[in-house]
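Structure at a glance
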Amino acid sequence: KISREDFLNAFQNDIKPAFGMAEEQFERYVANGIINWGEPVRSILEDGDLLISQGKAGESGGLVTALLAGPPNSGKTALAARIAMSSDFPFLKFCSPEDMIGFMDTAKCQMIKKVFDDAYRSQLSVIVVDNVERLLDYGPIGPRYSNLVLQALLVLLKKEPPKGRRLLVLATTSRKDVLGELEMLSAFQTVLQVSNISTSEQLLSVLEYLDAFSSKDLDFISRKTDKKRMWIGIKKLLGLIDMAKQTEEAYRIPKFLSKLEEEGGLEMS
Ligand code: ATP
Ligand code: MG
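On a predicted model such as this, the values are computed, not experimentally measured, just so you know.

Right, let's get into the site of ligand 1. The environment of ligand 1 is formed by 20 residues, the closest being Gly 33, Ile 35, Lys 76, Thr 77 and Ala 78. Note that an oxygen atom of ligand 1 is positioned 2.7 Å from one of the backbone N or O atoms of Gly 33. A distance of 3.1 Å separates an oxygen atom of ligand 1 from a polar backbone atom of Ser 74. Out of a free accessible area of 640 Å², ligand 1 has 89% covered by protein chains. Counting only elements with at least two residues in the shell around ligand 1, the list comes to helix H4 (76-86) and helix H11 (234-246). Looking at the shell around ligand 1, the element that brings in the most residues is H4, giving four residues. Here the residues of the shell around ligand 1 sort into 11 nonpolar, seven polar and two charged.

And the structure:
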């Protein structure tokens, strides 16, 4: 028989919000957590906190918009998701080109508009608009993009939510240059720059945090990379570390360093 406890339990655990996303689902965009590997990460998270406060109580209106721009694999999506989750706003929604594969432009616009309309119904909402250039179907050959989706986003990024409602929009892109050409940058109130890992110290912070190598190996990597320049996104680096872990012990470090040289612009010699 069904008791009152079962009922309450179902309410708490089984019934998901009708609109908005359960936090666990958002969690998958931060699959590997956020490693605080240096100043650039600290500074983005701090800016994120400011956006949240502004979103909650800013005086200049109910809409706060920010673009997280950075190279591919630098961790833009994860950072946007983390900031969104730390807001504790009751309505969280992800608007991702992954969910719109094969959609016609009109269907995309409708889906994007629906996300915003749903958000307007909650007092405090966060929307992550992931990978804007993909959403716009941007392609470098031509170049081509969807003007319909562009116009829809430009309108929605400027539209104040209804009275008493507040909305924070976090968008991401790897092509700030393209958004600039499309005159979309000015639609955002703030642009936050997401950075790649660029120094030996930052690299070592990640390796130490993950406890992926012995301290002897870490010393060796530290010596080999000291004062060298590199440029590698956290997502790429996590992949290289994973690969190194699968490699036979004797080749692990040379393999890791040569991959880092190849993929991460590490200047050996
Ligand atoms: P793409 O250019 O393909 O869109 P991206 O820049 O959006 O890539 P993410 O998809 O966010 O990159 O991948 C970053 C991965 O690194 C995630 O799995 C995340 O959990 C992990 N990660 C660890 N530390 C950090 C960090 N400091 N910042 C961002 N992501 C981090
Ligand atoms: Mg991404």
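Next comes the rest of the description.
The subject of this paragraph is the side chain of Ser 96. Inspection of the secondary structure assignment puts Ser 96 in the loop between strand E2 (91-95) and helix H5 (105-120). When residues no more than four places from it in sequence are discounted, the contact partners of Ser 96 are Asp 130 and Leu 135.

Under the defined criterion, the tally for this structure stands at 12 salt bridges. Two residues, Glu 262 and Lys 259, come together in a salt bridge whose shortest N-O distance is 3.6 Å. On the criterion of helical spacing, the pair formed by Glu 262 and Lys 259 is a turn pair, its members being three residues apart in helix H12 (residues 249-263). Exposure remark for Glu 262: the relative accessible area of 57% places this residue in the exposed category.

This paragraph deals with the packing of aromatic side chains. Considering all chains together, one arrives at five aromatic pairs under this definition. Residues Tyr 29 and Phe 94 carry aromatic rings whose centres are separated by 3.6 Å and whose planes lie at 0° to one another, so their mutual orientation is stacked. Placement of Tyr 29 in the loop between helix H2 (23-27) and helix H3 (39-57) and of Phe 94 in strand E2 is noted, with a sequence separation of 65 residues between them. On the accessibility criterion, Tyr 29 (12% relative accessible area) is buried. Given the relative accessible area of 4%, Phe 94 is considered buried. Centre to centre, the rings of Phe 213 and Phe 256 are 5.3 Å apart; their planes meet at 55°, and the pair counts as tilted.

This paragraph deals with the packing of H5 against helix H7 (residues 147-156). Look at H5 against H7: their axes get within 9 Å of each other, and the N-to-C directions meet at 15°. One element, H5, and the other, H7, form an angle in the roughly parallel class. As for how H5 packs across H7, the hand of that crossing is right-handed. Taken together, the residues of H7 that come into contact with H5 (itself represented by Asp 105, Thr 106, Lys 108, Cys 109, Ile 112, Lys 113, Phe 116 and Tyr 120) are Leu 148, Val 149, Ala 152, Leu 153 and Leu 156.

So, how was this worked out
- Residue positions are given per chain, counting from 1 as you read along its sequence in written order.
- As they are written, the chains are lettered A onward and the ligands numbered 1 onward, keeping that order.
- Where local features are concerned, this predicted model is filtered to residues with pLDDT of at least 70; where side-chain atom pairs are given and counted, the filter is 80 or more; whole-chain, interface and lining totals use all residues.
- Each side-chain value is derived from all of the structure's non-hydrogen atoms; neither hydrogens nor water enter the calculation.
- We call a residue near a molecule or strand whenever a single non-hydrogen atom of that residue lies within 4 Å of it.
- Here a polar contact is taken to be a pair of N or O atoms separated by no more than 3.5 Å, where protein atoms must pair a possible hydrogen donor with a possible acceptor and residues adjacent in sequence count only if both atoms sit in side chains.
- Where accessible areas are quoted, they stem from the Shrake-Rupley method and a 1.4 Å probe; at the residue level, only the protein chains shown are allowed to cover.
- Helix and strand definitions here come from DSSP, where helices need a minimum of 4 consecutive H or I residues and strands a minimum of 2 consecutive E residues; each element is numbered from the N-terminal end.
- Polar here means any residue other than Ala, Val, Leu, Ile, Met, Phe, Trp, Tyr, Cys and Pro, which are nonpolar, and Asp, Glu, Lys and Arg, which are charged; Gly is therefore polar.
- Pairs of residues are marked as contacts when any of their non-hydrogen atoms sit within 4.5 Å.
- Here, a salt bridge means any Lys or Arg side-chain nitrogen found within 4 Å of an Asp or Glu carboxyl oxygen.
- Throughout, exposure labels follow a simple rule: accessible area from a 1.4 Å probe, protein chains only, divided by the maximum for the residue type, with under 20% read as buried, over 50% as exposed, and the rest as partly exposed.
- Between the rings of Phe, Tyr and Trp (Trp by its six-membered ring), a pair exists once the centres lie within 6.5 Å; its type follows the angle of the planes, with under 30 degrees stacked, over 60 edge-to-face, and the other angles tilted.
- Each axis is a line fitted through C-alpha atoms, taken for helices only over the stretch in contact, and angles between the N-to-C directions span 0 to 180 degrees.
- Roughly parallel means an angle under 35 degrees; roughly antiparallel, over 145; roughly perpendicular, 65 to 115; everything else is oblique.
- In a left-handed crossing the near helix is turned counterclockwise from the far helix by less than a right angle, and in a right-handed crossing that turn is clockwise.

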